[in-house]
Amino acid sequence: MTVDPAPAATVVPARILRDIVGHACMAPSVHNTQPWSWHASGNTLELFADTGRRLAVADARGRNLVISCGAALHHAQVAAGALGWEPTVTRLPDGDDSTLLARIELTPATPSPDAGEELQAIRDRCTDRRRFTSWPVPEERLRHLAATADEWGGQAMVLQGPSERIRTDLLVGRALDRQATDEPLAEEQRHWVNHSARDGVPGVVIPANAPSDAHLRTRFGSGLLTEPERELEGSDGLLVLRGASDDSPAWLRTGEALSALWLRATREGLSVVPLSQVIEVDETRERLRGEVLHGMGMPHLLVRVGWLAISRGALPRTSRRPLDDVLSW
Ligand SMILES: Cc1cc2nc3c(=O)[nH]c(=O)nc-3n(C[C@H](O)[C@H](O)[C@H](O)COP(=O)(O)O)c2cc1C
């Protein structure tokens, strides 16, 4: 049997592949480590975990690394759809222990109807650690964000009740305190602040004064970003992203869900800040699972969601590695 060659029009132009990967690399990643690499071949893009960029102390199992790659995988799918290519994703095609996290096959399609807004959300999204306004995020909006995460294979839980919020706040504070006295971990963290012109967290995006509420303190301590005085309250929304298991397939889905939630929030004018420390510390992760999730699922990431003051200044963008460093052919 002979198979007709695919019409020339179905070949993805190299500039489109570069554009998709370029947008994927705008994804958030733990400490802006950008722990991924991409391989393009024909109509296929492959996403690999760059394990050399794993945080050896804070992320020994690679949870945050795979979540970060999952976020890039979701960004890639959104960008492909917006640019007129339907992505079909095979996750972990070589098994759970492989560094090949996903293979994306691209076929021609009509660009998604809100392509412009989707690409803009990828460009606009950032981690803005400044305090939110006291204007609460309506529960309905938080549930809508959680539903968006769930549509992408995540399991998001809104923390609404006062007791679960207080417990979570205490656990976040405990995790921060535990990590503050862990010198190898603190050293690893310092290493990634102002790391280079292409990765790491620049001091200019870290608030200068760490707030007193535990979940509002940033892991990076006090930075250079000054904020004007104004009346603020810690009335932000809290969501836990969790999974049925605590392994690569589940983390990858959580990363995709995080990205879906975050891009949706960005389009709605909401700000999202991940808080991974309470998950990184074994004791607090286990207590979060038992005392807040009541054993229903394994916690992967905590995120806070809120409104930033309209009068706030624009935040400088964190940098990214050059495309040619992360994309091979
Ligand atoms: C898995 C994961 C964990 C993260 N954990 C934290 C955290 O604990 N605290 C924090 O301030 N930011 C956290 N971030 C945000 C990253 O620091 C941020 O995405 C990165 O510096 C790139 O900046 P950008 O999001 O503005 O592009 C996390 C991001 C990811 C994907």
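Reading guide: rules and limits
Residues numbered from 1 in each chain as written. Predicted model: local features only at pLDDT ≥ 70, side-chain atom pairs only at ≥ 80, totals over all residues. Heavy atoms only, no water. Pairing = 2+ DSSP bridges. Helix = DSSP H or I, 4+ residues; strand = E, 2+ residues; numbered from the N terminus. Buried < 20%, exposed > 50% of the residue type's maximum accessible area, 1.4 Å probe, protein only. Domains from an automatic or database assignment. Contact = heavy atoms within 4.5 Å. Buried area = accessible area lost by both parts, 1.4 Å probe. Salt bridge = Lys/Arg side-chain N within 4 Å of Asp/Glu carboxyl O.

A. The sheet that holds strand E1 (residues 36–41), seen in detail. Taken together, five strands build an open sheet; the order of strands is E3-E4-E2-E1-E9 and the sheet is mixed. A single partner strand is all that each edge strand has here, and the edge strands are strand E3 (85–91) and strand E9 (327–328). Relative to strand E2 (residues 44–49), E1 runs antiparallel, the two sharing six bridges. In the sheet register, His39 faces E2, and the bridge partner there is Glu46.

B. Highlighting unusual backbone geometry. Non-glycine residue His31 carries a positive phi angle of around 55 degrees. Summarising the element assignment, His31 is placed in the loop between helix H1 (14–24) and E1. His31 sits in the buried class, given a relative accessible area of 5%. One non-glycine residue, His294, adopts positive backbone phi at about 50 degrees.

C. Highlighting the domain arrangement of the protein. Along its sequence, the protein is organised into domain 1 (10–125) and domain 2 (139–306). Each of domain 1 and domain 2 has a C-alpha centre, and the two are 22 Å apart. On the domain 2 side, the residues contacting the 35 residues of domain 1 number 35 residues. Here domain 1 and domain 2 share an interface that buries about 3100 Å² over both sides, 64% of which is from carbon and sulfur atoms. Where domain 1 meets domain 2, there are five salt bridges.

D. Fine view of the environment of Gly154. Structurally, Gly154 can be placed in the loop between helix H4 (139–151) and strand E5 (155–158). By relative accessible area, Gly154 is classed as buried at 10%. Separated by 103 residues in the primary sequence, Gly154 and Ala257 have C-alpha atoms spaced 5.0 Å apart. When residues no more than four places from it in sequence are discounted, the contact partners of Gly154 are Ala149, Arg253 and Ala257.

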